[in-house]
Amino acid sequence: MSSAIVWFRRNLRVSDNSALSAAADSGKRIIPLYVIDELDQGEASRWWLHNSLQALDSTLRDDGGYLLIRSGNPVDVIRDLAEEFDASDVYLSARYEPAAVQQESDLAASDGLTLHIATDYLLIEPGSVLTGGGSPFKVFTPFYKTASSLYVHSTPTAAPADMNYVTPEPAGDRDAHEALLPTLDWADKFPDYWTPGAEGALLRLDEAKAKVPKYDVDRDRPDHDGTSRLSPHLHFGEISVGQAYHALSRQQNAEPLIRQLYWRDFSYHLLSEHPTLPNKPLRSEFDNFPWVEDEEHLKRWQRGRTGYPIVDAGMRQLWHTGWMHNRVRMIVASFLVKHLLIPWQHGADWFLDTLLDADLANNSAGWQWVAGCGTDAAPYFRVFNPILQGQKFDPDGAYVREWVPELEHMPSKFIHEPWTTPNSVQQEYRVVIGEDYPAPIIEHKAARKRALDAYQLSRDLANSAAS
Ligand SMILES: Cc1cc2nc3c(=O)[nH]c(=O)nc-3n(C[C@H](O)[C@H](O)[C@H](O)COP(=O)(O)OP(=O)(O)OC[C@H]3O[C@@H](n4cnc5c(N)ncnc54)[C@H](O)[C@@H]3O)c2cc1C
């Protein structure tokens, strides 16, 4: 019987896995494979990947199989394996990051290998949602209207019942698997918050179903646990987006949460259309933006020591849990780019290293949106006021108190602008601003003016270059 390789990528599950099902249906003996490669970056992501591979391996072992983990350039690894085990077919699920797309085309050029590429990472394939004029959408809402009218929903499939594995199990690269774990003890607390693997994903999906009725009200409140927290599971494909859609859409009032799944698609469509999305502003007027390189400010932002409580709470939530609430991602990103004028790419890099859901498409699109340089972007002149954002979305300061313990006892009246607290109150609550908690790194009104001036300058430069 001939054999086939199932190349697991961002589809680390056995149910509703089109590539795995197709391989099982072929009747061939399979080698389930994951190749750790240079695309597996980001300390937090690598922690997740380590655990998710372990979970997938143990699921396959329950079925009498295994997950072969190797490392290196996947194209070389797969070619060697195919030769060794006389495999002529490779089953995989499509990815859309430019370097991953390149891997697919390199592999497709291999002699004697037939690729079977499943497309189940997104709701709709990039390139298939177009305006009446035949071009890709630049703005989310019309994209969403068209994409949701085109999406054909199908019932998720179960794990294949019969799989024949190539035996004996080929030797894997255990060292590379272990090396995914960070050397710092920083990740030790992640298991308190997360369970990587398909089982953990399905539990989160169950919890998300219960959040659907209040999602639209709660989604902007970092002090409420109102969002699904499915992002790392979706990123690694521990549940398919189709499974998420199927489960959520059967709830009443699911549209606001389902809409977010289309934001994920939109980011991927943007990345496919603009492979430079991760590094280069999509709007050319930002080519000459007078960014400020300030190591010290960047460090204070990363460590959650800017003196703006909602910003610091977000950055510390990220450090402790590997995740940050979406509203707060927007606030901290805006603060870095507009208050501190630090290039958005530095913020995006930090997120890619520390987020468990670090995702090239969603992260790049999110940063370009906040910085105002993406296609569908918040206008640059919309500078989030971190004090008002805090007062509006964390009215009692519960979120700040959770992540910035120095301010735990601060009266709500002052929690989002603690530097206005009278000295006597600071003494009473034993938090002296400038000693126990930092004074603001920059004054809000002055920062806002500086940001608007910088934007005007970059527009003037763009205009004079064009004329
Ligand atoms: C600066 C910035 C950087 C971001 N970086 C990432 C990233 O690296 N990885 C990532 O998955 N998301 C990123 N996002 C989008 C969003 O913040 C997260 O997807 C969301 O907070 C995850 O929490 P959740 O699963 O509870 O979301 P829910 O609100 O429950 O949404 C359900 C799912 O929809 C998708 N989704 C939700 N919001 C967005 C969005 N704005 N864009 C794209 N997809 C979305 C996610 O897959 C999410 O799991 C970023 C947003 C910003 C503003």
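Because the structure is a prediction, the values reported are computed rather than measured.

Visitor: Could you give an account of the overall build of the protein, naming the residues involved and the relevant values?
Guide: The secondary structure content of the protein amounts to 19 helices and six strands. The C-alpha radius of gyration computed for the protein amounts to 24 Å, which stays within 12% of the reference 23 Å derived for 467 residues, consistent with globular compactness. Taken along the three principal axes of its C-alpha coordinates, the protein extends 80 × 60 × 45 Å. Residues counted as buried form 46% of the 467 residues belonging to the protein. Partitioning the intrachain contacts of the protein with sequence separation of at least 6 by distance along the chain shows that 76% fall at a separation of at least 24.

Visitor: Pulling in residues and values, what's your account of helix α13 (residues 326–339)?
Guide: With 14 residues, α13 should cover 20 Å at 1.5 Å per step; its first-to-last C-alpha distance of 19 Å lies within 8% of that length. Of all 14 residues in α13, 12 are buried, a share of seventy percent or more. Residues of α13 that are buried: Arg327, Val328, Arg329, Ile331, Val332, Ala333, Ser334, Phe335, Leu336, Val337, Lys338 and His339. Elements in contact with the buried residues of α13: α11 (295–303), α12 (309–321), α14 (344–354), α15 (360–371), α16 (386–393) and α19 (444–466). Phi turns positive one or two residues past the end of α13, at Leu341, with a value near 55°.

Visitor: Before we move on, can you summarise the site of the ligand with the specific residues and values?
Guide: In the region of the ligand, 27 residues are neighbours, and Thr227, Ser228, Gln260, Asn363 and Gly366 sit closest. Sorting the residues of the shell around the ligand by element identifies α8 (231–235), α10 (255–273), α13 and α15 as the ones contributing at least two each. Looking at the shell around the ligand residue by residue, the classes come out as 11 nonpolar, 10 polar and six charged.

Visitor: How would you sum up α12? Please name residues and give values.
Guide: When the terminal C-alpha atoms of α12 are compared, their 18 Å separation across 13 residues agrees well with the 18 Å that a helix rising 1.5 Å per residue should span. Looking at α12, one finds that the buried residues are Pro309, Ile310, Val311, Asp312, Ala313, Gly314, Met315, Gln317 and Leu318. Contact partners of the buried residues in α12: α11, α13, α14, α16 and α17 (398–403). Backbone geometry just after α12 places Gly322 at a positive phi near 75°.

Visitor: Describe the packing of α14 against α15, and please don't skip the residues or the numbers.
Guide: At a closest axis distance of 10 Å, the pairing of α14 and α15 adopts a crossing angle of 145°. Classified by chirality, the crossing of α15 by α14 is right-handed. Along the contact surface, α14 presents Trp344, Gly347, Ala348, Phe351 and Leu352, while α15 presents Asn363, Ser364, Trp367 and Ala371. A breakdown of the residues in the contact of α14 with α15 according to their chemical character gives six nonpolar, three polar and no charged.

Visitor: Outline the pairing of strand β2 (residues 29–36), supporting the account with residue identities and numerical values.
Guide: The element β2 is largely enclosed, with a buried count of seven among its eight residues. Here six bridges tie strand β1 (residues 3–8) to β2, and the two strands are oriented parallel to one another. Each residue of the ladder has a partner; that of Ile5, found in β2, is Ile31. Handedness of the crossover joining β1 and β2 through helix α1 (residues 18–25): right-handed. Of the pairings in the sheet, the one linking β2 to strand β6 (residues 164–165) comprises two bridges and is parallel in character. The partner of Ile30 across the bridge, within β6, is Tyr165. Where β2 lies against strand β3 (residues 68–71), four bridges are found, and the strand directions are parallel. From the neighbouring strand, Leu33 faces β3, where its bridge partner is Leu68. Taken together, β2, helix α2 (residues 43–62) and β3 constitute a β-α-β crossover, and its handedness is right-handed.

Visitor: Now, about the environment of Thr59: what can you tell me, with residues and values included?
Guide: Its location among the elements puts Thr59 in helix α2. Under the C-beta neighbour-count criterion, Thr59 is labelled partly exposed, with 19 such atoms within 10 Å. In this structure the C-alpha to C-alpha distance between Thr59 and Glu295, which are 236 residues apart in sequence, comes to 45 Å. Those residues in contact with Thr59, other than ones at most four positions away along the chain, are Val14 and Ala198.

Visitor: Tell me about the domain arrangement of the protein, and name the residues and values.
Guide: Per the domain assignment, the segments of the protein are domain 1 (1–121), domain 2 (122–156 + 196–273) and domain 3 (284–461). One C-alpha centre belongs to domain 1, the other to domain 2; they are set 24 Å apart. Listed as interface residues are 18 residues of domain 1 and, on the opposing side, 21 residues of domain 2.

Visitor: With reference to specific residues and values, describe the environment of Gly314.
Guide: Topologically, Gly314 is positioned in helix α12. Gly314 gets classed as buried once you count the C-beta atoms within 10 Å, which come to 28. As for Gly314 and Trp403, which are separated by 89 residues in sequence, their C-alpha atoms are 7.7 Å apart.

Visitor: Provide a residue-level description of the packing of helix α7 (residues 198–218) against helix α9 (residues 241–249), including the pertinent values.
Guide: One way to put it is that α7 packs onto α9 with a least axis distance of 9 Å and a crossing angle of 40°. Relative to α9, α7 is oriented oblique. You can see that α7 and α9 cross each other, and the crossing is right-handed. Contacts between α7 and α9 involve Leu205, Ala208, Lys209 and Val212 from the first element and Ala244, Ala247 and Leu248 from the second. When its residues are assigned to classes, the contact of α7 with α9 shows six nonpolar, no polar and one charged.

Thresholds, definitions, all that
- Residues numbered from 1 in each chain as written.
- Predicted model: local features only at pLDDT ≥ 70, side-chain atom pairs only at ≥ 80, totals over all residues.
- Helix = DSSP H or I, 4+ residues; strand = E, 2+ residues; numbered from the N terminus.
- Rg over C-alpha atoms; globule rule 2.2 N^0.38 Å.
- Buried ≥ 20, exposed ≤ 12 C-beta atoms within 10 Å, placed from the backbone.
- Contact = placed C-beta atoms within 7 Å.
- Expected span 1.5 Å × (residues − 1).
- Near = placed C-beta within 6 Å.
- Nonpolar A, V, L, I, M, F, W, Y, C, P; charged D, E, K, R; others polar.
- Axes fitted to C-alpha atoms, helices over the stretch in contact; angles between N-to-C directions.
- Left-handed = near helix turned anticlockwise from the far one by under 90°.
- Pairing = 2+ DSSP bridges.
- Right-handed = clockwise from strand over helix to strand, strands pointing away.
- Domains from an automatic or database assignment.
- Parallel < 35°, antiparallel > 145°, perpendicular 65-115°, else oblique.

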